[in-house]
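Understanding the architecture of this molecule
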Amino acid sequence: MLAKIFSAATIGIEAKLIEIEVDITRGLPNVVIVGLPDIAIRESRDRVKAAIKNSRFEYPSGKIIINLAPCDIKKEGPSFDLPIAIGILAASGQINFDNLKDFVFMGELALNGKIRPIKGALPIAMSLKNSHKKLIMPEENAPEASIVEGVKTYPVNTLGNVSRFLNGVDSIAPLSPDKEMLSEKIQNYELDFSDVKGQFLAKRAMEIASAGNHNIIMIGPPGSGKTMLAKRLPSIIPEMTIEESLETTKIHSVCGLIPLKSSIIRTRPYRTPHHTASDISLVGGGSVPKPGEVSLAHNGVLFMDELPEFHRNVLEGLRQPLEDGYVTVSRINSMVRFPSKFMLVCAMNPCPCGYLTDPKKECHCTPNQIQKYMSKVSGPLLDRIDIHIEVPSVKYKDLSDETSGEKSETIRDRVKKARDIQLARFKDDKIFANSQMTYRLVRKYCKLDEPSRDLLKTALTELGFSARCYDKILRVSRTIADLEGKENISSDHVSEAIQYRSLDRNMWM
Ligand SMILES: Nc1ncnc2c1ncn2[C@@H]1O[C@H](COP(=O)(O)OP(=O)(O)O)[C@@H](O)[C@H]1O
Ligand SMILES: [Mg+2]
């Protein structure tokens, strides 16, 4: 007999319906799976057989052919175990056929018939939105899938459980979405800016960076608190909208990074790739394309600590995502696109030993070593970073200060106001923040008065700034003015923005 079952496969961060046909004919016992399956699916034969037997069903004798269609989509992973098992049970007359076509089945099977969680629950549920199909999901993934309105998600835990449900013996109620997750409430971040003592300049720069969505690099000796500051940056960026949350969750979901039994991600991601990371792990790719760190950081922060230690080709790979806000991965028969809008935060020491700018410790690096170290980060990457700051060692006086600094929430409120001003300004320009202004938009929105122009001219000629930082200073000045709620950029704003160009001042070389 022939049975037809629906399942789904993820391609990038989208999902497509997959039809699984199971045909059982008389002949020598044999199982054949066709339709571009990967190794994990071929192994599914043995898992399904054991799971069926251990769930007290009969494993049919004869020749079983399983076809996964459409066959031009490469299918990977063990999430087809459950639909294949259901197909075999239906084709051998052990499960009721009548309403099989209304359901989409997802789930890996353990040998004892238990259903294990899968990857990509949210994109799969979203792809079913207008299909009138109901979703059978491992209970660990059901909360994530149930967020999608208009798709009924039934949480299941064993093969026996599913078959009794289909046969009308057990009833399972569809899971209702976690409403709290869909509300706009502010999510709590564990780390708070008030933990950082002193470092007022650095904190101010972080606030500006967050307000204008500017990328930022911190230079300072070890232990000065660079990592500490970076970790707290997500907490001062305004909360994610539901759309942003869904998009970020989809990316984490296809990588299997959503904690079990939890629903969507509501706090901005913070990713810290190690400096030994490969370009694929950073940017994404692979034979079945998977998102990289730049996409896992989508709508959040990507922190590259010890920037000069990263491989050069890895840093080169950051260009496209920084420029376009997405990564494209092309394969012979497919092309996928992973969104990658993130704030880039980099940290580095001023020299290989780290103590060049430290007044207390002596630096033992030769000028040659320092030159070589600094040159590793020059060029295209630095070109995408608007704000450079020095983070000096914390003073004992500041560290021992018992009064706590400003809370993240207070800073976030100011940032939100500045971002709202930008949203209104750019409503017809398809961008949302000052950092994204093109050459033309900078000319339109960053008009300078006479004193500001003079100041900038002096900076460019006398401090040895290159022409390429001209627009960056203007963009940052715009953000500083927005934080103050000022319509026009004044010389105060420009002079502060000039301060945030440490690396252009060639101070170390
Ligand atoms: N401004 C600060 N306020 C409070 N603690 C600090 C500060 N700066 C550094 N520390 C302490 O020093 C530790 C090391 O800081 P870290 O952020 O790792 O420095 P870096 O990344 O610059 O090497 C932190 O975990 C924290 O305990
Ligand atoms: Mg550090």
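Residues numbered from 1 in each chain as written. Chains lettered and ligands numbered in written order. Predicted model: local features only at pLDDT ≥ 70, side-chain atom pairs only at ≥ 80, totals over all residues. Heavy atoms only, no water.

1. A closer look at the environment of Leu-296
Among the secondary structure elements, Leu-296 is positioned in helix H11 (residues 293-296). In sequence terms Leu-296 and Lys-341 are 45 residues apart; their C-alpha atoms lie 9.6 Å from each other. Aside from chain neighbours lying at most four places away, what touches Leu-296 is Ile-251, His-252, Cys-255, Leu-257, Pro-269 and Arg-271. (Helix = DSSP H or I, 4+ residues; strand = E, 2+ residues; numbered from the N terminus. Contact = heavy atoms within 4.5 Å.)

2. Observations regarding the packing of aromatic side chains
Inspection of the entire model under this criterion finds 6 aromatic pairs. Both rings, one in Tyr-154 and one in Phe-165, keep their centres 5.1 Å apart while their planes meet at 40 degrees; by these two values the pair is tilted. Here Tyr-154 is found in strand E9 (residues 153-156), whereas its partner Phe-165 is found in helix H5 (residues 159-166), with 11 residues between them in sequence. In this structure Tyr-154 comes out as buried when scored by relative accessible area, which is 8%. What makes Phe-165 buried here is its relative accessible area of 14%. Seen in terms of ring centroids, Tyr-270 and Phe-303 are 6.3 Å apart; in terms of plane orientation they differ by 20 degrees. Their pairing is stacked. Of this pair, Tyr-270 sits in strand E11 (residues 270-271) while Phe-303 sits in strand E14 (residues 301-304); the two residues are 33 residues apart in sequence, bridging distant segments of the chain. The exposure class assigned to Phe-303 is buried, which follows from its relative accessible area of 1%. Over the face of the ring belonging to Tyr-326 we find Arg-337, whose NZ or CZ atom lies 3.8 Å from the ring centre. (Phe/Tyr/Trp six-rings, centres within 6.5 Å; stacked < 30°, edge-to-face > 60°. Buried < 20%, exposed > 50% of the residue type's maximum accessible area, 1.4 Å probe, protein only. Lys NZ or Arg CZ within 6 Å of the ring centre and 35° of its normal.)

3. Focus on unusual backbone geometry
Here the bond from Ala-69 into Pro-70 is cis, since omega is 0 degrees, no more than 30 degrees from zero. On the secondary structure map, Pro-70 appears in the loop between strand E4 (63-69) and helix H2 (81-91). A positive phi is found at Gln-199, a non-glycine position, where the angle reads about 50 degrees. By the element assignment, Gln-199 lies in the loop between helix H6 (179-182) and helix H7 (200-212). The residue Lys-261 is not glycine, and still its phi comes out positive at about 60 degrees. For Lys-261, the position within the fold is in the loop between helix H9 (242-254) and E11.

4. Some thoughts on the site of ligand 1
The local shell around ligand 1 holds 14 residues, among which Lys-197, Gly-223, Lys-226, Thr-227 and Met-228 are the closest. Contacts to ligand 1 include Ser-224, whose backbone N or O atom sits 3.2 Å from an oxygen atom. Lys-226 has a polar side-chain atom sitting 2.9 Å from an oxygen atom of ligand 1. Protein burial of ligand 1: of its 560 Å² of free accessible surface, 67% is covered by the chains. By residue class, the composition of the shell around ligand 1 is 6 nonpolar, 5 polar and 3 charged. (Near = heavy atom within 4 Å. Polar contact = N/O pair within 3.5 Å; in protein donor to acceptor, adjacent residues only side chain to side chain. Areas by Shrake-Rupley, 256 points an atom, 1.4 Å probe, with all protein chains shown as cover. Nonpolar A, V, L, I, M, F, W, Y, C, P; charged D, E, K, R; others polar.)

5. Observations concerning the pattern of salt bridges
Tallied over the entire structure, the rule returns 21 salt bridges. Two residues, Arg-271 and Glu-293, come together in a salt bridge whose shortest N-O distance is 2.7 Å. Note that Arg-271 is positioned in strand E11 and Glu-293 in helix H11, a separation of 22 residues in sequence. For Glu-293, a relative accessible area of 15% puts it in the buried group. Put simply, Glu-207, Glu-406 and Arg-414 are held in one network by salt bridges that share partners. (Salt bridge = Lys/Arg side-chain N within 4 Å of Asp/Glu carboxyl O.)

6. Remarks on helix H19 (residues 470-483)
Note on helix geometry: an α-helix contains 3.6 residues per turn, so any two residues three or four positions apart are oriented the same way. Here H19 contains 14 residues, and its C-alpha end-to-end distance of 20 Å stays within 8% of the 20 Å for a straight helix at 1.5 Å per residue. Counting buried residues along H19, 13 of its 14 residues qualify, which places the element largely inside the surrounding structure. Looking at the residues trailing H19, positive phi occurs at Gly-485, about 75 degrees. (Expected span 1.5 Å × (residues − 1).)

7. Quick word on the domain arrangement of the protein chain
If you check the domain split of the protein chain, you get domain 1 (2-177), domain 2 (193-423) and domain 3 (437-509). On a C-alpha basis, the centroid separation for the pair domain 1 and domain 3 is 59 Å. (Domains from an automatic or database assignment.)

8. What to know about the sheet that holds E11
Pairing is parallel across the open sheet formed by 5 strands, whose spatial order is E11-E14-E17-E10-E18. In this open sheet, the two edge strands, each paired with only one partner strand, are E11 and strand E18 (387-390). In the sheet, E14 pairs with strand E17 (residues 343-348) via 4 bridges, with the strands oriented parallel. Looking at the pairing, Leu-302 lines up with Leu-344 of E17. (Pairing = 2+ DSSP bridges.)

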